[in-house]
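In case you want the letters, here they are:
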Amino acid sequence: MKDTSKPADPSRRDFMSKAGATAGMAAVAPGVLLTSPAVARPADEKVTSDKRWGILIDTAKCASGCTACVSACETENGWGGESNTEKQSSDEQRAQWIRKVQLKEKATGHVTTLPLMCQHCETPPCADVCPTGASFRRADGIVLVDKHICIGCRYCMMACPYKARSFIHEDLKDQKPWAPRGKGTVESCTLCVHRVDEGGTPACVEACSSEGHYAMVFGDLYDDNSEISRQLEQHGGKQIRADLGLNTGVRYRGI
Amino acid sequence: MSQPSLLNRVLGILSVLLLLMPAASTADEEGHPLPFSDLVLTEPARHFSATQECVEPEDEMRRNHMNYILHQRDETVHDGIRTRQYALEECINCHASKGEDGEYIRVEDPRHFCASCHSYASVSIDCFQCHADVPVRPSSLQQSRSGHPHHLARENFAGDLAGKTALGLLATEGKPQ
């Protein structure tokens, strides 16, 4: 079984075998859509583990010097850039939800650039070490910080192998209503959960496409017909620090 | 059936008037002011009436608004439930009012709707260290999801606070199908 496919649980397998006959009948009926169009989950329904959101990043298409994904994230979520209200913090301590990383292979001199953000692990080390349960993995695979119960201890920042998290050191004003952030809490990429819940795409992915690079694909890893699953099946996708066995939701090609 | 006598009519009208009078007095028997009797609460920007009331009756909201917000908060963060009815953002969209200068009153100002009572009652709640204290995006974007009448309003919003990207997305997605 692929590591991006849905973990089999006995009750579900049981259900699937029973439901098989009905599904087969629906498939042979003429004019019936076999794949339902992408519909946003109703606002009053809980997220389920029927989906697992992920991003596939093709480093060959990621342009050196382009930071469209980073600025889109800044604008969308109100950190850094023009809206940076963290005037007192030193550069290395400021919020960084997503960063561009440059890799140079010493032997050949070949340079690769890629965006690095929260990898949305299936077994997130940040959630493992969190003493209050503020760091958690949502049913659909998005790793979040519940800032209401975060006490700002920053264990998660030390546990994260990707340096994906940052801490807010000072009072902020004019945060976005869809991305609340405040002093004394840890934050990281939310996979634009407010957009995803409305059936949308993360701001970075959207920006990459509108720049014409199309280096990022967002989608449901459990859906075999989604664009991301098709590309993963065809070309594969590597995890950064795969040796840690975290089964990340963000995958890379060409590294 | 005979017409009600004039006396009966007058008594009826009087009893209705008595009911309409403010029931609570402002002081107890010994003349000490009752709690909250001298509180001047900021009027909500949008006025509620019999046909257009808050998401729950006023007395319920005055006592228990925090429970609704707290419940909604956990459901939204952990389960991704994004109904608008008890969302803090919708409280702000309705209740935030503007000062004489035409700008929305910020929460540091005791005239801010939440602050007007919280500062009086010495409630130091830190919602607005993270959350927006003034309307940022119009609630009409979400009207199809809310279904509550006054979440359909198209009020002005603090446009410079709203990222163009997010608004663009919401403007296309929030339209009723």
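See the structure printed just above.
Just so it is clear, the structure is predicted and the values come from calculations on it, not from any experiment.

Calculation rules
- Residues numbered from 1 in each chain as written.
- Chains lettered and ligands numbered in written order.
- Predicted model: local features only at pLDDT ≥ 70, side-chain atom pairs only at ≥ 80, totals over all residues.
- Pairing = 2+ DSSP bridges.
- Helix = DSSP H or I, 4+ residues; strand = E, 2+ residues; numbered from the N terminus.
- Axes fitted to C-alpha atoms, helices over the stretch in contact; angles between N-to-C directions.
- Contact = placed C-beta atoms within 7 Å.
- Parallel < 35°, antiparallel > 145°, perpendicular 65-115°, else oblique.
- Left-handed = near helix turned anticlockwise from the far one by under 90°.
- Buried ≥ 20, exposed ≤ 12 C-beta atoms within 10 Å, placed from the backbone.

A. The arrangement of the sheet that holds strand 1 (residues 53–58) of chain A in detail. Residue and element names in this part refer to chain A. In space, the 3 strands of this open sheet follow the order 8-1-9, with mixed pairing throughout. At either margin of the open sheet sits one strand with a lone partner, and together these are strand 8 (216–220) and strand 9 (250–253). The average angle at which neighbouring strand axes cross in this sheet is 20°, direction not considered. The sheet contact formed by strand 1 and strand 9 spans 4 bridges and is parallel. Looking across to strand 9, one finds that Ile-57 is bridged to Tyr-252. Packed on one face of the sheet, helix 7 (residues 227–235) meets strand 1, strand 8 and strand 9 and runs near 115° to strand 8.

B. How the structure looks around the packing of helix 2 (residues 68–77) of chain A against helix 6 (residues 203–210) of chain A. Residue and element names in this part refer to chain A. The geometry of helix 2 relative to helix 6 is characterised by a closest axis approach of 8 Å and an angle of 135° between their N-to-C directions. With respect to their mutual orientation, helix 2 and helix 6 come out oblique. In this structure, helix 2 meets helix 6 at a crossing whose hand is right-handed. On the side of helix 2, the interface is formed by Ala-68, Cys-69, Ala-72, Cys-73 and Glu-76, while helix 6 contributes Ala-203, Cys-204, Glu-206, Ala-207 and Cys-208.

C. A look at unusual backbone geometry. Residues and elements named next belong to chain A. Positive phi values are uncommon outside glycine, yet Asp-174 reaches one of about 60°. Its place among the elements puts Asp-174 in the loop between strand 6 (166–167) and strand 7 (186–187). The phi dihedral of Asn-247 is positive, around 50°, even though this residue is not glycine. With respect to the helices and strands, the residue Asn-247 is situated in the loop between helix 7 and strand 9. By C-beta crowding, Asn-247 is classed as partly exposed, having 19 other C-beta atoms within 10 Å.

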